[in-house]
Amino acid sequence: MVSYGVITPIEYLKGVGPARAEVLKAELGIHTFGDLLRYYPFRYIDRTQFHKIERLHPDMAAAQVVGRLIQLEERGERKGRRLVGILKDDTGTMELVWFQSIVWLRKSLQVGGVYVVYGKPQLFQQNLSITHPEMELYQRGAKEIGSMHLQPVYSSTDKLKKLSLDSRGILKLQAALLETLSSQLNEELPDYIVNLHRLMPLRQALTAIHFPKNQEELGQAIRRLKFDELFFIQLKLLKSKLLNTQKFRGHRFEVVGERFNTFYHKHLPFSLTQAQKRVIKEIRKDTASGAQLNRLVQGDVGSGKTVVALMTMLLAVDNGFQACLMAPTEILAQQHYQSITRLLRNQIASVQLLTGSTPRKDRRVIHAQLEDGSLDILVGTHALIEDAVKFKNLGFVVIDEQHRFGVEQRAKLWRKNAIPPHMLVMTATPIPRTLAMTLYGDLDISVIDELPAGRKPIKTMHLYENSRLRMFGFMKEEIARGRQVYIVYPLIKESEKMDLLYLEAGLETLMKEFPLPHYRISVVHGKMPVKDKEFEMQRFVKGETQIMVATTVIEVGVNVPNATVMIIENAERFGLSQLHQLRGRVGRGAEQSYCILMSGSKLSKESKLRLETMVRTNDGFEIAEVDLQLRGPGDLAGTQQSGVLNLRLADLTTDQALLTEVRARVIKVFQEDPQLSDLRHARLRQYLSQKEPGISWEKIS
Ligand code: ADP
Ligand code: MG
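Residues numbered from 1 in each chain as written. Chains lettered and ligands numbered in written order. Predicted model: local features only at pLDDT ≥ 70, side-chain atom pairs only at ≥ 80, totals over all residues. Heavy atoms only, no water.

Student: What am I meant to see in the overall build of the chain here?
Tutor: The secondary structure content of the chain amounts to 25 helices and 22 strands. Here the chain holds 701 residues, and 54% of them are scored as buried. In the chain, of all internal contacts separated by at least 6 residues, the share reaching a separation of at least 24 is 74%. About 32800 Å² of surface is accessible on the chain, with carbon and sulfur atoms providing 51% of the total. (Helix = DSSP H or I, 4+ residues; strand = E, 2+ residues; numbered from the N terminus. Buried < 20%, exposed > 50% of the residue type's maximum accessible area, 1.4 Å probe, protein only. Contact = heavy atoms within 4.5 Å. Areas by Shrake-Rupley, 256 points an atom, 1.4 Å probe, with all protein chains shown as cover.)

Student: Sorry if this is basic, but what is going on with the packing of aromatic side chains here?
Tutor: Given two aromatic rings, their pairing is described by the distance between the two centres and the angle made by the two planes. This structure, assessed with the given rule, holds eleven aromatic pairs. Aromatic side chains Tyr 39 and Tyr 154 sit 6.3 Å apart centroid to centroid with 15° between the ring planes, which places their arrangement in the stacked category. Of this pair, Tyr 39 sits in the loop between α2 (33-37) and β1 (43-46) while Tyr 154 sits in the loop between β9 (150-153) and α5 (158-162), and the two are 115 residues apart along the sequence. With relative accessibility at 2%, the residue Tyr 154 sits in the buried group. Relative to Phe 321, the ring of Phe 253 has its centre 5.4 Å away and its plane inclined at 35°; by these criteria the two rings are tilted. Linking Phe 253 in the loop between α9 (215-247) and α10 (258-267) with Phe 321 in the loop between α12 (305-318) and β11 (322-326), this pair joins segments that are 68 residues apart in sequence. Looking at Phe 321, the relative accessible area reads 13%, which means it is buried. Site record: aromatic cluster; members linked through ring pairs are Phe 227, Phe 231, Phe 232 and Tyr 687. Here Arg 43 stacks its cationic end above the ring of Tyr 118, 3.1 Å away from the centre of that ring. For the cation-ring pair, Lys 476 lies above Phe 514, with the distance from its terminal atom to the ring centre recorded as 5.3 Å. (Phe/Tyr/Trp six-rings, centres within 6.5 Å; stacked < 30°, edge-to-face > 60°. Lys NZ or Arg CZ within 6 Å of the ring centre and 35° of its normal.)

Student: How should the nonpolar core be read in this particular structure?
Tutor: For soluble globular proteins, nonpolar side chains are generally found buried alongside one another. Membership of the largest hydrophobic core comes to 41 residues, with the highest contact counts inside it found for Phe 263, Leu 344, Ile 377 and Phe 396. Broken down by element, this core gets its largest block of residues, ten residues, from α12. Beyond its immediate stretch of four places on either side in the chain, Phe 263 contacts Leu 268, Val 307, Leu 310, Met 311, Leu 314, Leu 343, Leu 344 and Ile 348. In terms of nonpolar packing, the next biggest core, distinct from the first, is built from 35 residues, Tyr 40, Leu 165, Ile 170 and Met 200 among them. (Core = buried A, V, L, I, M, F, W, Y, C linked by side-chain atoms within 4.5 Å.)

Student: Honestly, the sheet that holds strand β16 (residues 444-448) in this entry has me stumped. Any pointers?
Tutor: In sheet architecture, strand pairing relies on hydrogen bonds along the backbone and comes in two forms, parallel and antiparallel. Here seven strands make up an open sheet; going across it, the order is β12-β13-β11-β14-β15-β10-β16 and the pairing parallel. Both edges of this open sheet fall to β12 (351-354) and β16, since each of them pairs with a single strand only. Averaged over all pairs of adjacent strands, the angle between their axes in this sheet comes to 20°, without regard to strand direction. By the bridge criterion, five bridges tie strand β10 (residues 294-299) to β16 in an arrangement that is parallel. Bridged to Arg 295 within β16 is Asp 444. The sheet strands contacting helix α11 (residues 274-288) are β10, β14 (394-400), β15 (422-427) and β16, and the helix crosses β16 at an angle near 160°. (Pairing = 2+ DSSP bridges. Axes fitted to C-alpha atoms, helices over the stretch in contact; angles between N-to-C directions.)

Student: Explain the site of ligand 1 here, please?
Tutor: Close to ligand 1 lie 16 residues, the nearest being Gln 276, Gly 302, Lys 305, Thr 306 and Arg 455. Contact distances for ligand 1 include 2.6 Å between an oxygen atom and a backbone N or O atom of Gly 302. Lys 305 is positioned with one of its side-chain polar atoms (N or O) 2.8 Å from an oxygen atom of ligand 1. Here ligand 1 loses 82% of its free accessible area of 560 Å² to cover by the protein chains. Tallied by class, the residues present in the shell around ligand 1 amount to four nonpolar, eight polar and four charged. (Near = heavy atom within 4 Å. Polar contact = N/O pair within 3.5 Å; in protein donor to acceptor, adjacent residues only side chain to side chain. Nonpolar A, V, L, I, M, F, W, Y, C, P; charged D, E, K, R; others polar.)

Student: Whenever I open this one, the packing of α12 against helix α13 (residues 330-344) confuses me. Can you help?
Tutor: Geometrically, a packed helix pair is captured by the angle between its two axes and the distance between the axes. Relative orientation of the contacting elements α12 and α13 amounts to 60°, with a least axis distance of 11 Å. For α12 against α13, the interelement crossing comes out right-handed. Only His 336, Ser 339, Ile 340, Leu 343 and Leu 344 of α13 make contact with α12, whose side of the interface consists of Thr 306, Val 307, Leu 310, Met 313 and Leu 314. Here the contact of α12 with α13 is built from residues that sort into seven nonpolar, three polar and no charged. (Left-handed = near helix turned anticlockwise from the far one by under 90°.)

Student: Which parts of the structure should I look at to understand unusual backbone geometry?
Tutor: If a residue is not glycine, its phi is most likely negative; likewise, a peptide bond is most likely trans. Geometrically, the link from Leu 516 to Pro 517 is a cis peptide bond, its omega value of -5° lying close to zero. Looking at the secondary structure, you find Pro 517 in the loop between α18 (496-513) and β19 (521-524). Despite not being glycine, Arg 78 shows a phi value in the positive range, around 45°. The topology assignment puts Arg 78 in the loop between β2 (63-75) and β3 (82-89). Backbone geometry at Ile 348 places phi at a positive 70°, although glycine is not the residue there.

Student: Explanation requested: the side chain of Arg 483 in the structure shown.
Tutor: Tracing the chain through its elements places Arg 483 in the loop between α17 (468-480) and β18 (484-488). On the basis of relative accessible area, Arg 483 is assigned to the buried category, the value being 15%. In contact with Arg 483, not counting residues within four places along its chain, are Glu 478, Gln 546, Asn 562, Thr 564 and Glu 591.

Student: Teacher, can you tell me more about the pairing of β18 here?
Tutor: Within a regular strand, side chains alternate between the sheet's two faces. Of all five residues that make up β18, five are buried, and the element is covered over most of its length. Residues Gln 484, Tyr 486 and Val 488 of β18 are buried on one face, and the alternating residues Val 485 and Ile 487, pointing to the opposite face, are buried as well. Taken together, the five bridges between β18 and strand β21 (residues 563-568) define a ladder with parallel strand orientation. Paired with Gln 484 across the bridge in β21 is Ala 563. Where β18 lies against strand β20 (residues 547-550), four bridges are found, and the strand directions are parallel. Bridge pairing links Ile 487 to Val 549 in β20.

Set out below in structure tokens:
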């Protein structure tokens, strides 16, 4: 008697065999029974929801039609070559169009057959059509699916279809699989949690997601499976958070000492916002607790994160430790260094800058000072994590704009001291709450949700090319008032050469419009040698030039309070968070600032929504929510590297309530039973003891 389990290789499933197994692995990553079981349908055909052809409308996102394929022919040549089918129901006819897989489709589609057709209706030259529709033979399915109201649709590929593994073929495999496995699908959650949260039993849920009896059952199944997905992510995250606090004794900062106090009372040129004070207090509390601090500080651009970083570093210095601040770019590191030395006025603590372009000689001095402990604060770039950089007693690490750094780089800093230093990561990319809980579930989070007083909200407008002269006029007015202007061009790797040409063309126009000696222009782009970049940047910072033409290298952090106008060329090509970051370069002084989004007149729906959102609001969190909805979590800053967002079912934009429920439960589990030693948590303990490939969460932050 052979016993099958979820880890049984897929070729052993009845109906699979070596050839199909090969393709399932290569095309869908399905290696085992378990993989197939978790290959969920991406939608369901609701047999009660069909549209009539005469009712179709190009505004519909998608529609499902049933009709007879009465004609199928190839039209056009070369690039215009396409397969066109005519579908007819009792109200009219429409076209179905394919540009790909023509040979294969000609063979497999049956003229005269009745099909369920699904796709987005379009109007092209007054003809209603659907391009690349999903096609499902209606009659053949009718018997098999029997009373199935909701027929699952699985995504498939050409190669799989050639082995008869289209959506229906996959459904057949699922049926065989569930029969084979049914007795083995044991609960993974503790029974009491299943009961408390009124979850459908796992076995039933896994069956129902492939073979739902009705919407109600399907809804319950999906809720159950989403719950599990989120639950086990939170379990891992919160476990490592717990481990960190237990395992990693942190340096205890006993006192708020003289340097901190002197700085606060004598040097600080402004009063802190309530939010800044609150965050400093939160950090102070952590560092006094004896546990290692792992905290994310989120604060919109201009909210004053640098001074928070500085003051908490002084706290470390007061307690006899060294501190460092790492920034993602040379320019940023330099700015941090300058603002910090300016704030400290060469008193209170010693500070050095270390970057890739620090001369060897200086580097040696810095290394020596770090090791003998005479250097208090080191500011720099990736250069900080090189092995040659050794601290005498590193107690506090600040990482700015952290999403630019990989996990491994953070871990390296972590290891620079026998007792790991406190870790503070700062980001100006606001992350929606749900995402933060998932992505940084193992960190504590502080939010600076207030801008320094006296700032005027930036006015944003969206202009088309035909208003360019108006824009130039406006620039001149602002420059006449002594203000400075940024003009930013997109620079995207794939079209780098073209982009640079645009920038150069733009520059040429500008130089005619803003001639020397009256106007002076700086240019900065990523292709320039670092030295030239720095030089140009500095001229702008010092106010020697009034216009800064740049690519997105200036996106993060750069601080020139006298700059009041941000012009973004081809704004439709930027993502929302990038636009928001760029806009944050202005509005840093007391003057009214402006952001002008220039775009072409042909805009996609999405671009339009992005630009409208920018015009409507300055609130980074609101913008992040829209961004999350537009792009999905996988594309948001920092998520690619994290690997935690390979969610199959749960959707962080729509499942916030469920995530909150799940997280509260997991927190309760650990509160009641930190070691998971309780018998009722045996399944959870077992889950965590399985070695999983991928990231070791304990190391992160
Ligand atoms: P970000 O959070 O974007 O890194 P910065 O730390 O660069 O912001 O601060 C932006 C500007 O605001 C700097 O010029 C800084 O000196 C100033 N600033 C910071 N905190 C305050 C405050 N409480 N009151 C007035 N100005 C402040
Ligand atoms: Mg900053």
